[in-house]
Each structure stands twice: as structure tokens, then as C-alpha cells.
Amino acid sequence: MYVEFGCVQDARRVFDGIEMKDVVSWTTIVAGLARAGCLDEARNLFDKMPERSVISWTSMVSGYSQARCAVESIELFKKMISAGVFPDTVAMVAVLSACAQLRDLELSKWVHQYVSYAGIGVSDNLAVALIDVYAKCGDINSARRVFDSSGQKILPAWNAMIDGYCKMGDIDMARSLFDQMEVRDLISFNSMMTGYIQCSQLKQALQLFVELRTSGFQPDKFTLVGLLSACANLNSLDQGKALHAYIEVSSIAFDVFLGTALLDMYAKCGKMDEAMMIFNRIHNKDVMTWTVIISGLAMNGKGKLALEHFDLMRKESIRPNAVAYIGVLTACSHSNLVEEARKHFKEMISLHNIEPEIEHYGCMVDILGRGGLLQEAVKLIDGMPIEPNAVIWGSLLNACRVHKNVDIAEKAANHILALEPNEDAVYVQLYNIYANSGNWASASKIRRLMEERGVKKTAGYSYLTVAGQVHKFIAGDRSHPEINEIETMMDVMAKKLKLAGYLPITSEVSVDVDEEEKEQALFVHSERIAIAYGLMRLGTSLPIHIMKNLRICKDCHIAIKLIAKTWNRKIVVRDRSRFHHFSDGQCSCNDFW
DNA sequence: CCACGAACTA
């Protein structure tokens, strides 16, 4: 009884008072302790047991796997077999859960073979565990074979299959299974909806959310985490706020997962004050929570504060992982903290034994390059134990643009073009570097090369939300219903900017030379059209939040600083790599990006 | 007396 009520220590006292202890009483106490997470105590008693049943062994195997000690769990399972105890389906499920945690495909296959070899019948639950482990290890075909061969398919089996297909990115296959299901539960809906969100098929995700509601389900925390991550990636602050309000009035528990998702939404919408309030409300902050706040501060130009939070995190004895260090290095990169970056990069290896991945090298190349240490950046690339990818060379190329180094730029560009000959951004970057240095012959050679290879420049676009409606703007696109008013506003903007002393940077204007664009009378980048629309349609007290698919250019950056000052408006632009908070003629990035 | 499913970070 005590075990059942979770009073393990009371149970332990009763147990110690029993004179004639049989296997069942031993097992009960061991299982109770293991389930309560008192693994050392459980193990201690387990080792002292005069005899052990399958259930005793399984209690320990599952205790370890539930405590996320997958290695110990599997070790114990192997000991159980060598002790001559035959596992049942329950034991197999327990050990497979440990395999799933490790994402160890080889081990999972071995366990599966053992099931056949030992003649253990595949129960419904065991089939689910097998499907789940294969799906988690990325072997969707094996998962499907188990699924197809299991006679009666219970709901979790379908859900595990759907989840597996979503993880593989095969959203159509997932949907086809979803449609075949006769009964669906909330998990089915959540899995499918999250799958759509992760494939950026947001219309479909929304449609599924509507279906979820009309099927009579109440959104739970998984639903909300999915929706919040969609808002985060779409910069949909209004919808995100509505979800936040819903969470506050609903009975959904505010736990670390939901808190982190909310925090991430606010950070990705450029609202660090709100993000910070959420952050302070989260009780059991884990490494992800800290990583989200560090990366959020980093992206929003508060690099120093981000690093302070990294120190706080370590004071709380939370061990940073590889992703946390990417946040730290991003903070250094966006705030030009070269020395701090060097220190953290070294500590990551020496203190935490984390092997730098390609992303860490990418950050370092970015930091060194933009700090003007181009030679050192090249040296780092040459000494990398991993083959540098296009992102690494792209960082170097970008640094060459900032620091006007044509020689290294050519080297970097050649590497990228060898790796990704259809990457339009490289041609554009190189073109700009040549154009900026006045080397028009080489510039036009690049232009011709692009034409020969049929590489099309990605159109730049920006969007903003007004009254819950998303408005997308592409330079030169006149399809917006209010285009005439917008163009009037653009004229007013141009006049006011001129009065404020704005001169377009002509070399940067050539950045986006696209013949089609050039023909347009209205030659401006999309973010400025979006800002014009924001000035027209948003209340004067509201900040203007813009999302842009490419990096903001120097000319627009200067112009927006002036617009923010002239109109006395806060303007936030989220470009493809970071945030720019414009206010009173200044930008949070201090012109470093 | 033992088991099972989904989520947030670059």
C-alpha cells in the first residue's frame, strides 16, 4: 500500500520489519524504490535478494531506463540473460525503451532478433515498442515491417508510425496513415500537426488544428508547444500572444517544456522583455531553457547579457551541451566579442569535453572573420578535422565582403561553388565584392556565369502582421490591394529621408541588381515597403515588426535608422540571421552584422 | 510485484 501511495520510505520500514521475506515482497520494495527514482537503494536491495524473478530484474531494467540511465538499463538486461532468466514481453519493452533513448539501431536490431530467437510472442505493446525504437533510430522500413506484421494494430502503434514518418520528413506517408485510422486520439492529431509544422506546411497544420477542435479534443500542452513553435518561426507575435493568453486561463500546467516554447516564441519575435519574464517564471530550467534565452539574447543583440546568462547557468550546475555552446558563440559573433569566443571555444573542449562540430567552427570563422582576423579564420578552416562545408566558406566570404578582401573572397567562393554550384547567394556576394572594389570586368563575369548555369537569384521578401493578417511584400510586386496608398507613403518616406540627410549607397544598390527589378519604377528593398505599410496601418504606439528572408543591406539599415528617428517609431527587423531593433536613429546591432 | 507512445535549443 505504501508503495502505491508513493511513500517508499514508509514501505521500506514495513519491509524491514517483515521476518519472512519472499520473492514477492522483495520485488515489491525493489520495484517501488526503482520507480521512485531511488536507484542506488533499489540496486542495493536487488543485489541482496536471495532469489530474483523476471519481475525483479525487469523492475531494475525499467527503473534505470525511466531515470534516463539507458546504459545501466541495458547492462542489467544483459546480466539478466546471462543469469539464465528468460525475459518476457514486459522486460523486452523496458529494454527497448532504453535502446530508444540511445538511438542505437544495432542494439535494437539485436534485441529484436533476441525476441524471435527466444520465441517471445510479439504482444501489442511489444510491437509498439519495436515500431517506436525503429522510428526513433531512423529505420522507418523496419518500423513499417513490424507495423504491417502485427495483426491487431492498437492506437499507439499507428501513432508511433506517424511520428516516424514525420521525423523522416515523409509527411505524405504520415498523412496517408493518419487518414487510414478509424479512431484517432489527441496524440494522433498532435503528431500530425507537429509534423506539418516541422515541414513548414503551416496551412495544413492549422487545418489539422481546426479538425482537432471539431473532433472534440481540447488542446493540451503538446498541441500548444507545436503551435508556439510555428509562431516562433513565423514571427507571429499576435497569434503567439493569443496562445499565451489561452495558456494562462486554461488548466494546462505551465511546465518547463511549455515555458521554454513560450520563451522561444517571444525571443524569436524580438520581444526579449516578455521572454525574460517567462524565463524567470520557469522553475526547473534545463539546458534547453538556458540555451533558448542565451540564443535569444544573442540574436537580439544583447551578447554581453547572453554571456552573463551562460555564467548563471553554470552557477546553477547545468552542464552546457554542444547546442548551448552554439548559443554562446552566436552571442560572441553578433556582439563582436572575439576574446570571449576564443575562451569559450577552448573551454568547451577542455572543460566539457565537447568535440566542436561544424556549426561551432562556423561560428568561430564568422567571429574571427568579421572581427577582421581573416588570416586567422583561414588558418582555423585549414586546421579543421572536419571537411569544411559551404556554410563555413560562406561565413568567410561574408567577412571578406565586410573587410573588402578580394583574394580570400575568391578562394572562399571557389570552394562554395565546388560544393554548391547552384547557390545563388554566393554569386551575388562575389558580384558585390567585385563591384565594390571597382572590378567590373570580374563582376560581369560572375553575372554571365550565373546566366550560363541558370542560377536564379532568390527574391527578397518581407512580411508583417496587421490585425492578424499577414502581408507579404516583394520588391516590384504591385499585387497588394492597397498598392497605390503604399506607393504614396513610399514617396513621403523618400522625401522625409532626403530632408533628414539620407543619401542612398549606390554600390549597395547594385547588390540586388536583377534586371526585372531594375525595370521597376519602384526600386526599393521589400522591407521598406513593409515598413511603409506598417506606418500606414499600425497604431502609432505599436512597434513595427518585420520579417525578412535575406540579410538586411547596409543602405536599408541606414534608411531604417532614419525612419525610426523621423517617425519616432520602434522598428524591429528579423532578417535571416538576427534581429535589428531600430529606435531613435540607433540599431541594437551597433551597425555590426 | 515489472512495460509502452508524442514536445522546446543552432
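Residues numbered from 1 in each chain as written. Chains lettered and ligands numbered in written order. Predicted model: local features only at pLDDT ≥ 70, side-chain atom pairs only at ≥ 80, totals over all residues. Heavy atoms only, no water.

1. Quick word on the overall build of chain A
Counted only if it meets this: Numbering of helices and strands runs from the N terminus; a helix is a DSSP stretch of H or I covering at least four residues, while a strand is a stretch of E covering at least two. We call two residues contacting when some pair of their heavy atoms lies within 4.5 Å. For the accessible areas, the method is Shrake-Rupley and the probe is 1.4 Å, while residue cover comes only from the protein chains on display. Asp and Glu are treated as the negative residues and Lys and Arg as the positive ones, with His and the ends of the chain left uncounted. For this purpose, a charge sits on NZ of Lys, CZ of Arg, CG of Asp or CD of Glu.
The helix and strand tally for chain A stands at 32 helices and 6 strands. Once the C-alpha set of chain A is aligned to its principal axes, its extents read approximately 95 × 55 × 45 Å. Once local pairs closer than 6 in sequence are excluded, the contacts in chain A between residues at least 24 apart make up 62%. Carbon and sulfur atoms form 53% of the exposed surface of chain A, whose accessible area is close to 28900 Å². For chain A, the centre of its 64 positive side-chain charges and the centre of its 70 negative side-chain charges are spaced 5 Å apart.

2. Some thoughts on the pairing of strand β4 (residues 571–574)
Within a regular strand, the side chains alternate between the two sheet faces. Defined as follows: Classification of residues uses two cut-offs on accessible area relative to the type maximum, computed with a 1.4 Å probe and protein chains only: under 20% is buried, over 50% is exposed, and between them is partly exposed. Strand pairing is assigned whenever DSSP identifies at least 2 bridges connecting the two strands. Assignment of crossover handedness uses the view with strands pointing away from the viewer, where a clockwise path from the first strand over the helix to the second indicates a right-handed crossover.
Judged by which residues are buried, β4 turns out to be covered on both faces: Ile 571 and Val 573 on one side and Val 572 and Arg 574 on the other are all buried. Where strand β3 (residues 544–548) meets β4, 4 bridges bridge the pair, whose relative direction is parallel. Bridge assignment links Ile 546 to a residue of β4, and that residue is Val 573. For the segment spanning β3, helix α32 (residues 554–566) and β4, crossover handedness is right-handed. Of the pairings in the sheet, the one linking β4 to strand β5 (residues 579–583) comprises 4 bridges and is antiparallel in character. Looking at the pairing, Arg 574 lines up with Phe 579 of β5. Linkage of β4 to β5, two consecutive antiparallel strands, is achieved through a turn of 4 residues.

3. Some words on the environment of His 557
Along the chain, the position of His 557 falls in helix α32. Given the relative accessible area of 2%, His 557 is considered buried. The contact partners of His 557, leaving out residues within four places of it in the chain, are Ile 552, His 580, Phe 582, Cys 587, Cys 589, Asp 591 and Trp 593.

4. A few points about the packing of helix α6 (residues 89–102) against helix α7 (residues 105–117)
Stated formally: Working convention: axes come from line fits to C-alpha atoms, limited for helices to the stretch in contact. Angles between N-to-C directions cover 0 to 180 degrees. Any angle that falls under 35 degrees is termed roughly parallel, while one over 145 is termed roughly antiparallel, one within 65 to 115 roughly perpendicular, and all others oblique. By convention, the crossing between two helices is left-handed when the near helix turns anticlockwise from the far helix through less than a right angle, and right-handed when the turn is clockwise. Gly falls in the polar group here, along with every residue not listed as nonpolar (Ala, Val, Leu, Ile, Met, Phe, Trp, Tyr, Cys, Pro) or charged (Asp, Glu, Lys, Arg).
Running from N to C, α6 and α7 cross one another at 165°; their axes reach a closest spacing of 9 Å. As judged from the angle between their axes, α6 and α7 are roughly antiparallel. Considering only the axes of α6 and α7, their crossing is left-handed. Counted together, Met 92, Val 95, Leu 96 and Cys 99 of α6 and Leu 107, Ser 108, Val 111, Tyr 114 and Val 115 of α7 form the full contact between these two elements. Along the lines of polarity and charge, the residues of the contact of α6 with α7 split into 8 nonpolar, 1 polar and no charged.

5. A look at helix α28 (residues 483–499)
The condition that has to hold: To estimate how far a helix should reach, multiply one less than its number of residues by 1.5 Å. Each C-beta atom gives one direction from the helix axis, and the arc is the one those directions make.
Across its 17 residues, α28 extends 24 Å between first and last C-alpha, which sits within 8% of the 24 Å expected from 1.5 Å per residue. Taken together, the buried positions of α28 are occupied by Ile 483, Ile 486, Glu 487, Met 489, Met 490, Met 493 and Leu 497. Down the axis, α28 shows its buried residues gathered within 160° of arc, on one side only. For α28, exposure combined with an orientation more than 90 degrees from the buried face picks out Asn 484, Lys 495, Lys 498 and Leu 499. Those residues of α28 hidden inside the fold are in contact with β2 (469–474), α31 (526–537) and α32. At the C-terminal side of α28, Gly 501 shows a positive phi close to 95°.

6. Structural notes on the UniProt feature "repeat: PPR" (unreviewed entry) in chain A
Here is the rule: UniProt positions are given in the numbering used here, feature names are shortened, and annotations may be inferred rather than shown by experiment.
UniProt marks residues 22–56, 154–184, 185–219 and 286–320 with the feature "repeat: PPR" (unreviewed entry), using the numbering shown here. Between the C-alpha atoms that bound residues 22–56 there is a distance of 12 Å. The span itself is 74% helix and 0% strand. Regarding residues 185–219, the helix share stands at 74% and the strand share at 0%, and the terminal C-alpha atoms are separated by 12 Å.

7. As for the protein's contact with DNA strand B
Selection rule: If a single non-hydrogen atom of a residue is within 4 Å of a molecule or strand, that residue counts as near it. Counted as a polar contact is a pair of N or O atoms within 3.5 Å, where, for protein atoms, one must be capable of donating a hydrogen and the other of accepting one, and residues adjacent in sequence contribute only when both atoms are in side chains.
Around DNA strand B, 37 residues are found, and the nearest of them are Thr 27, Asn 125, Pro 156, Phe 257 and Ile 326. Close to the protein, within 4 Å, the atoms of DNA strand B are drawn from sugar and phosphate at a rate of 38%. At 2.9 Å, a backbone N or O of Pro 156 approaches a base nitrogen of DNA strand B. Looking at the surface near DNA strand B, the element that brings in the most residues is helix α4 (residues 54–66), giving 5 residues. The residue makeup of the surface near DNA strand B, split by class, is 14 nonpolar, 12 polar and 11 charged.

8. Observations concerning the nonpolar core
Going by this rule: We define a nonpolar core as any set of buried Ala, Val, Leu, Ile, Met, Phe, Trp, Tyr and Cys residues linked to one another through side-chain atoms lying within 4.5 Å. Residue ranges labeled as domains rest on an automatic or database domain assignment.
Formed by 156 residues in total, the largest nonpolar core has its most connected members in Met 92, Met 265, Ile 293, Leu 396 and Leu 397. Here this core spans two domains, since at least three of its residues come from each of domain 1 (218–284) and domain 2 (415–452). Excluding residues within four positions of it along the chain, Met 265 makes contact with Leu 228, Cys 231, Ala 232, Leu 237, Gly 240 and Lys 241. Core analysis: the second largest hydrophobic core is formed by 34 residues, Ala 530, Ile 560, Ala 564 and Ile 571 among them.

9. Observations regarding the sheet that holds strand β1 (residues 461–466)
Read from one edge to the other, the open sheet built from 6 strands follows the order β2-β1-β3-β4-β5-β6, with strand pairing classed as mixed. Since the sheet does not close on itself, it has two edges, and those belong to β2 and β6 (586–587), each with one partner. Sitting on the sheet, α31 is in contact with β1, β2, β3 and β4, with an inclination near 15° to β1.

10. Considerations on the packing of aromatic side chains
What counts here: Any two of the Phe, Tyr and Trp rings considered here, Trp counted by its six-membered ring, make a pair once their centres fall within 6.5 Å; the pair's planes then place it as stacked at under 30 degrees, edge-to-face at over 60, or tilted in between.
The final tally for this structure, using the stated rule, is 12 aromatic pairs. Considering the side-chain rings of Phe 345 and Tyr 361, the 5.7 Å spacing of their centres and the 70° angle between planes classify their relative orientation as edge-to-face. Of this pair, Phe 345 sits in helix α21 (residues 338–350) while Tyr 361 sits in helix α22 (residues 358–370); the two residues are 16 residues apart in sequence, bridging distant segments of the chain. The same class applies to Phe 345 as to Tyr 361, namely buried. For the ring pair Tyr 461 and Tyr 463, a centre distance of 6.4 Å and an interplane angle of 10° mean the geometry is stacked. When its relative accessible area of 13% is taken as the criterion, Tyr 463 is described as buried.

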